[in-house]
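Chain and residue survey
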Amino acid sequence: MENVLPPANPEANLRDYSKACQSFDWKEVEQEFSWHLTGKVNIAYEAIDRHAEDPTRCHRYCLIYEDENRRERITYHQMRDLSNKFANVLKKLGVEKGDRVFIFLPRCPEYYIAMAGCAKVGAILSPLFEDLMEMAVRERLRDSGAKVLVTTPKMAARVPFTELPDLRNIILVGSGNIVLRPGEVSWEEEIARASYDFEIEWMDLEDPLYIIYTSGSTGKPKGVLHVHRDMVGYLITARWVLDLRDDDRLWTTSEPGWITGTVYGVFAPWLCGVDNFVRGGRFGLEGWCRSIESHRITVWYSSPTVFMRMMEQEKEIAEQCDLSSLRHILSVGGPLPPEVVFWARRFFKTPIHDTWWMTETGMIMIANYPGMPIKPGSIGKPFPGIEAAIVDDHGKEVPPLTLGDLAIKKGWPAMMRGIWRDEKRYQEYFSHEPWYISGDLAYMDDDGYFYFQGREDYQIKVDGAMISTTEVEEALRGYPAVADAGVVGQPDPIRGTVIMAFIALKPGFSPSGELQEEIREFMRRYFSRRLVPKEIEFRPEIPRGEDGAVVRRVLKAWALGLPD
Ligand code: WTA
């Protein structure tokens, strides 16, 4: 199998990666924004109103929305008016600059209008993932001290309004007869009454824009805080990584409750003024392919799970749909197996470009660019202006092909500015200045390409589900012959990640193929099929640190055959 693919598009926006790295300066990107001249800052102005005032752009679609029951198109011009109306609704409810406004909705046009309106009043918006249940909703609203929440009557059942003293109002989205309880207002009625005119609240570049809660590896969720200055990073990554050009139509499949949906499904395409497509509802292969076909999507940003499902059902789709409009395809969120990249190259006539980043980094940090050769299996190279490295436990850089922590030198524009009301957890990311420590394990090859190898903490994603390695370890230790066990995720060409267990046996037992099988059988019978390790290897001892925790980095190195 070839292991380097030529650049997918030598005509890409970013043609010469090395040259761009040498001359890159964030100050130059800043000149693209109107605030550079006017001093008036608000991402909503740059993302919407600026295009609405531009006759060549005002009729482009800031939102092309469809789901099973609803189809809507909103131009930049219309979005200016609608977001002004919503900003007026917020003002009427007493929302001030810096107040927290939560959006807890399924994907729908109101979601996007609400996001833009929040930014216009200078509120800190927080998009919530639609599947969150009551406990999670309460925790987040409480932690942030949310003042207003936008939701649907159905989802409002998961919002414990009376237990949230800071929450003043709920705005209910939906038509028909909605029964309003005290504190609740109807989106439809309020929007109908509100004025189209609104004076945007001008902000400081460092003023907060949104909070996204991530579950964190342990303990309560962390409210990752981002600011208006993030826009500098969004614009240039959208141009150079998503390769967005004037006539593009982007579909980022992630919903705004996740960072990818917020940044590359809303703000980044809006800053570029391109057509932005959103499909609501759940994943369904046929419907999704039909959307690409009928809307002539040109740039598609999705996830390995989606691509893997497509690959498995390649034949049927190929016969059904014309996906030839796709010029550039990207992936994020989990390991993208090389097989999928090769398959895509045959199937779409363009490989998939993997990108790596996190809620905390705010923008794409490491990527495969359409103008650069791809090494399938690699997450690519750092974005120009970004310094990435692999460091050891003391924050010291390690040589190529050595496993360590993926770290980024502090100070890019979209870096999180804090963990809401939790300075201690924020500082934990910066225990080895000047590095931001990601908690992802990776290595770099001799050509400067990075390879993701899993999380350093105890969680792994297997077949899309989070599995706790400690849960598997405890289960394994329940087997009579097992003295100790250590579990890690191992990259797998087809399944992405599989469970790999290292086992130290009690005296009197010796390693054998039968024993491996017996252990698997034990796991299947007493625990769950989900937790059965695909690979089992015997070792004299499992490495444990002073605190007694399994040293996962060493297990990872064993699993990969790298130096430990
Ligand atoms: C994982 C998503 C493998 C990683 C933007 C990271 C990836 C976590 C990749 C962040 C990739 C992200 N290959 N794993 N290309 N990109 N991840 O905060 O473990 O939802 O730490 O942000 O996703 O997830 P988050």
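First, a word on what this report is: a plain description of the structure on this page. On a predicted model such as this, the values are computed, not experimentally measured, just so you know. (Residues numbered from 1 in each chain as written. Predicted model: local features only at pLDDT ≥ 70, side-chain atom pairs only at ≥ 80, totals over all residues. Heavy atoms only, no water.)

**Some points on the site of the ligand**
With respect to spatial proximity, 16 residues lie near the ligand, and among them Gly 334, Asp 354, Thr 355, Thr 359 and Asp 440 are the closest. Backbone polar atom of Thr 355 to a nitrogen atom of the ligand: 2.6 Å apart, as the coordinates give it. Within the side chain of Asp 440, a nitrogen or oxygen atom sits 2.9 Å from an oxygen atom of the ligand. Every element with two or more residues in the shell around the ligand is listed here: helix H10 (259-272), strand E14 (352-356) and strand E21 (450-455). For the shell around the ligand, the residue count by class is 8 nonpolar, 5 polar and 3 charged. (Near = heavy atom within 4 Å. Polar contact = N/O pair within 3.5 Å; in protein donor to acceptor, adjacent residues only side chain to side chain. Helix = DSSP H or I, 4+ residues; strand = E, 2+ residues; numbered from the N terminus. Nonpolar A, V, L, I, M, F, W, Y, C, P; charged D, E, K, R; others polar.)

**Here's the deal with the side chain of Thr 152**
Relative to the helices and strands, Thr 152 is located in the loop between strand E5 (148-151) and strand E6 (169-172). Take Thr 152: its relative accessible area is 14%, and that puts it in the buried class. In contact with Thr 152, not counting residues within four places along its chain, are Phe 104, Leu 105, Pro 106, Leu 172 and Val 173. (Buried < 20%, exposed > 50% of the residue type's maximum accessible area, 1.4 Å probe, protein only. Contact = heavy atoms within 4.5 Å.)

**Focus on the side chain of Arg 138**
Position of Arg 138 among the secondary structure elements: in helix H7 (residues 134-144). Residue classification places Arg 138 among the buried residues on the basis of a relative accessible area of 19%. The residues contacting Arg 138, other than those within four sequence positions of it, are Pro 160, Glu 163 and Leu 164.

**Side note on the packing of aromatic side chains**
All told, the structure shown has 34 aromatic pairs when counted by the stated rule. Arranged with centres 4.8 Å apart and planes meeting at 85°, the rings of Phe 24 and Trp 26 form a pair that is edge-to-face. Note on Trp 26: relative accessible area 16%, which makes it buried. Ring centres 4.6 Å apart and planes at 40° place the aromatic pair Phe 129 and Trp 258 in the tilted group. Pair noted here: Phe 129 is in the loop between strand E4 (124-127) and H7 and Trp 258 is in the loop between strand E10 (249-252) and H10, with a separation of 129 residues, a long-range link. The class of Trp 258 is partly exposed, set by a relative accessible area of 44%. (Phe/Tyr/Trp six-rings, centres within 6.5 Å; stacked < 30°, edge-to-face > 60°.)

**Some details on the sheet that holds strand E1 (residues 61-66)**
With respect to topology, 9 strands assemble into an open sheet ordered E2-E1-E11-E10-E12-E13-E14-E15-E16, the strand pairing being mixed. Of all the strands in the sheet, just strand E2 (71-75) and strand E16 (381-382) have a single pairing partner and so form its edges. As paired strands, E10 and strand E12 (residues 299-302) are joined by 3 bridges and run parallel to one another. Paired with Leu 250 across the two strands is Val 299, which belongs to E12. Sheet strands touched by H10: E1, E10, strand E11 (275-279) and E12. Its angle to E10, the strand with the most contacts, is close to 165°. (Pairing = 2+ DSSP bridges. Axes fitted to C-alpha atoms, helices over the stretch in contact; angles between N-to-C directions.)

**Details of the packing of helix H5 (residues 76-92) against helix H6 (residues 109-121)**
As a packed pair, H5 and H6 sit with axes 8 Å apart at the nearest point and diverge in direction by 65°. As H5 runs across H6, the sense of the crossing is right-handed. Listed contacts from H6 to Met 79, Arg 80, Leu 82, Ser 83, Asn 84, Phe 86, Ala 87, Leu 90 and Lys 91 of H5 are Tyr 112, Ile 113, Ala 114, Ala 116, Gly 117, Cys 118, Lys 120 and Val 121. Considering only residue class, the contact of H5 with H6 consists of 11 nonpolar, 3 polar and 3 charged. (Left-handed = near helix turned anticlockwise from the far one by under 90°.)

**A few points about the pairing of strand E26 (residues 535-538)**
Residues Ile 536 and Phe 538 line the buried face of E26, whereas the alternating positions Glu 535 and Glu 537 sit on a face that is not buried. The parallel pair strand E25 (residues 496-505) and E26, bridged by helix H17 (residues 513-526), forms a crossover whose chirality is right-handed. (Right-handed = clockwise from strand over helix to strand, strands pointing away.)

**Description of the sheet that holds E21**
If you trace the 4 strands from one edge of the open sheet to the other, you get E17-E18-E20-E21, paired in antiparallel fashion. Two strands close off the open sheet at either side, each with one partner strand: strand E17 (388-391) and E21. For this sheet the average axis-to-axis angle between neighbouring strands, irrespective of direction, equals 50°. Set on the sheet, helix H18 (residues 552-560) makes contact with strand E18 (404-409), strand E20 (435-444) and E21; between it and E21 the angle comes to about 125°.

**Topic: the environment of Thr 361**
Inspection of the secondary structure assignment puts Thr 361 in the loop between E14 and strand E15 (366-367). Residue class for Thr 361 comes out buried when judged on its relative accessible area of 0%. Measuring from C-alpha to C-alpha, the distance between Thr 361 and Val 472 comes to 30 Å, with 111 residues separating the pair along the chain. Excluding anything up to four places from it in sequence, Thr 361 contacts His 226, Trp 412, Ala 414, Met 415 and Tyr 436.

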